[in-house]
Amino acid sequence: MGAEASGSRPELQELMREAEISLLECKVCFERFGHRQQRRPRNLSCGHVVCLACVAALAHPRTLALECPFCRRACRGCDTSDCLPVLHLIELLGSALRQSPAAHRAAPSAPGALTCHHAFGGWGTLVNPTGLALCPKTGRVVVVHDGKRRVKIFDSGGGCAHQFGEKGDAAQDIRYPVDVTVTNDCHVVVTDAGDRSIKVFDFFGQIKLVIGDQFSLPWGVETTPQNGIVVTDAEAGSLHLLDVDFAEGVLRRTERLQAHLCNPRGVAVSWLTGAIAVLEHPLALGSGVCSTRVKVFSSSMQLVSQVDTFGLSLYFPSKITASAVTFDHQGNVIVADTSGPAILCLGKPEEFPVPKPMVTHGLSHPVALTFTKENSLLVLDTASHSIKIYKVDWG
């Protein structure tokens, strides 16, 4: 009996950490709920829960009107109430939480594990972000989101350095940004599902080129080592390579690399091998359930390997729903899983799949991934409207 209790202790600690992150933390300011006045959990009229301090920050100073940061429904700050289930859970888990403070929730289980070292953004700074990229020259982080200015550029410390891309109907405006990449010469390329176009800006936000009337629904976008642009067309089921003169703002050539793909969305290019990974979202016939499939092509566009939701279910007890794909510096395929949520390494394409969890805690709904030159992993979490930076901790 004692051995069973001892064996269950790590599982209990994991459960406590998961409860603290998923249930006992305000997803606007990332502070833990508590009985103190400013940290008390409050129910909005739509049903979502935020802390009292965030209610005060979001509410209009005179009318007290506010917009729910999650579902966008109109609420009133004076109509909020204490969230009793969360308060009761804090009381029930109080002693255990004091033994497992927030500072330890991301502690690695073994040397070499990825741990979250920094997070920035949050509701207001970012609004429902969808795409993430790094500038290869400056190391700055570029995010597209649903704010008034659709493109936001952050410095290495997480401060907003610049933003552009007005929400509007003009050709240079961005209606509904889906993904973003930054070229080797620091041009920002955005896929706009609103007018089904690809828009190229310089790093200061000046429009250089609008590519329209060539795509049914451009979605994922990525830069190649040769400074080309690969784009998935989700509606047409195709993958394209664009040759662009960025300095002159001229599209030189468009080449269709693949056709007959099933609703392709995310795309990634390995700078080590030139391989291209495409994330498909095929609809299971007769079920109405959308699965996901990762296909990896060689630099010559030969299919090297593929794995889908069912194939991954043979390795994991729960369903894997891939939402983003990238390559690490060793050529391994990395995917974000929104069902976990988690970040998983699928191994090298020629050894597919050799799945291994990389991040299993602290995420809500990851939708984009990228690696820095220093091998840090950046994860865009759209549910918390934030970017989380993970590093290997060898301690």
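About the thresholds
- For every chain, the first residue of the written sequence is number 1, and numbering continues from 1 along that sequence.
- In view of the model being predicted, local features appear only for residues whose pLDDT reaches at least 70, and side-chain atom pairs are presented and counted only at 80 or more, with totals across whole chains, interfaces and linings using the full set of residues.
- In computing side-chain properties, one takes all heavy atoms of the structure into account and sets aside hydrogens as well as water.
- For our purposes a nonpolar core is just a set of buried Ala, Val, Leu, Ile, Met, Phe, Trp, Tyr and Cys residues, chained together by side-chain atoms within 4.5 Å.
- Exposure classes here rest on a 1.4 Å probe applied to the protein chains alone. A residue is buried below 20% of its type maximum, exposed above 50%, and partly exposed in between.
- The helix and strand labels rest on DSSP assignments: H or I over at least four residues marks a helix, E over at least two residues marks a strand, and numbering proceeds from the N terminus.
- We call two residues in contact when some of their heavy atoms are within 4.5 Å.
- UniProt positions are given in the numbering used here, feature names are shortened, and annotations may be inferred rather than shown by experiment.
- The arc refers to the directions leading from the helix axis to the C-beta atoms.
- Should DSSP find at least two bridges between two strands, the strands are regarded as paired.
- Axis definition: a line fitted to C-alpha atoms, limited for helices to the stretch in contact. Angles are taken between N-to-C directions and run from 0 to 180 degrees.
- Aromatic contacts are taken between Phe, Tyr and Trp rings whose centres are within 6.5 Å, Trp giving its six-membered ring; a plane angle under 30 degrees counts as stacked, one over 60 as edge-to-face, and the others as tilted.
- A ring is scored as having a charge over it whenever the NZ atom of a lysine or the CZ atom of an arginine sits within 6 Å of its centre and within 35 degrees of its normal.

On to the nonpolar core. The nonpolar side chains of a soluble globular protein tend to be buried, and buried together. Grouped together as the largest cluster of nonpolar side chains are 20 residues, with contacts concentrated most on Cys26, Leu44 and Val50. Listing elements by their share of this core, those giving two or more residues are strand 2 (49-51), helix 2 (52-58) and helix 3 (84-92). Residues in contact with Val50, not counting those within four places in the same chain, are Cys26, Val28, Phe33, Arg40, Pro41, Arg42, Leu44, Val55, Pro69 and Phe70.

So, about the UniProt feature "repeat: NHL" (unreviewed entry) in the protein. The feature "repeat: NHL" (unreviewed entry), as annotated in UniProt, sits at residues 113-157, 161-204, 214-245, 248-300 and 350-393 in this numbering. This span, residues 214-245, is 0% helix and 59% strand, and a straight line between its end C-alpha atoms measures 17 Å.

For helix 3, the full list of buried residues reads Val86, Leu87 and Ile90. End-on view of helix 3: buried residues confined to an arc of 100°, all on one side of the axis. Across from the buried face of helix 3, at angles greater than 90 degrees, the exposed residues are Pro85, Glu91 and Leu92.

Right, let's talk about the sheet that holds strand 19 (residues 264-269) for a bit. The strand order 19-20-21-22 describes an open sheet built from 4 strands, whose pairing is antiparallel. Edge positions in the open sheet fall to strand 19 and strand 22 (303-308), since each of these has one partner strand only. Direction aside, the axes of adjacent strands within the sheet are offset by 15° on average. In this structure, strand 20 (residues 276-280) lies alongside strand 21 (residues 293-297), joined through 5 bridges in antiparallel fashion. The partner of Val278 across the bridge, within strand 21, is Lys295.

Moving on to the sheet that holds strand 13 (residues 197-201). With respect to topology, 4 strands assemble into an open sheet ordered 11-12-13-14, the strand pairing being antiparallel. Bordering the open sheet on either side are strand 11 (177-182) and strand 14 (207-211), each of which pairs with just one other strand. Averaged over all pairs of adjacent strands, the angle between their axes in this sheet comes to 20°, without regard to strand direction. Pairing of strand 13 with strand 14, which is carried by 4 bridges, proceeds in the antiparallel orientation. Across the sheet, residue Phe201 finds its bridge partner in strand 14, namely Ile207.

Looking now at the packing of aromatic side chains. The geometry of two aromatic rings is summed up by the distance between their centres and the angle between their planes. Summed over the entire model, instances satisfying the criterion amount to 2 aromatic pairs. Ring centres of Phe120 and Phe154 lie 5.1 Å apart, and the angle between their planes is 55°; on these two criteria the pair is classed as tilted. On the criterion of sequence distance, the pair formed by Phe120 in strand 6 (residues 113-121) and Phe154 in strand 9 (residues 149-154) is long-range, its members being 34 residues apart. Seen from the ring of Trp219, Arg265 lies directly overhead, with NZ or CZ sitting 4.7 Å from the centre.

This part is about the side chain of Asn227. In this structure, Asn227 sits in the loop between strand 15 (218-223) and strand 16 (229-233). The class of Asn227 is buried, set by a relative accessible area of 18%. Contacts of Asn227, omitting those with residues within four sequence positions, involve Thr183, Asn184, Asp185 and Phe246.

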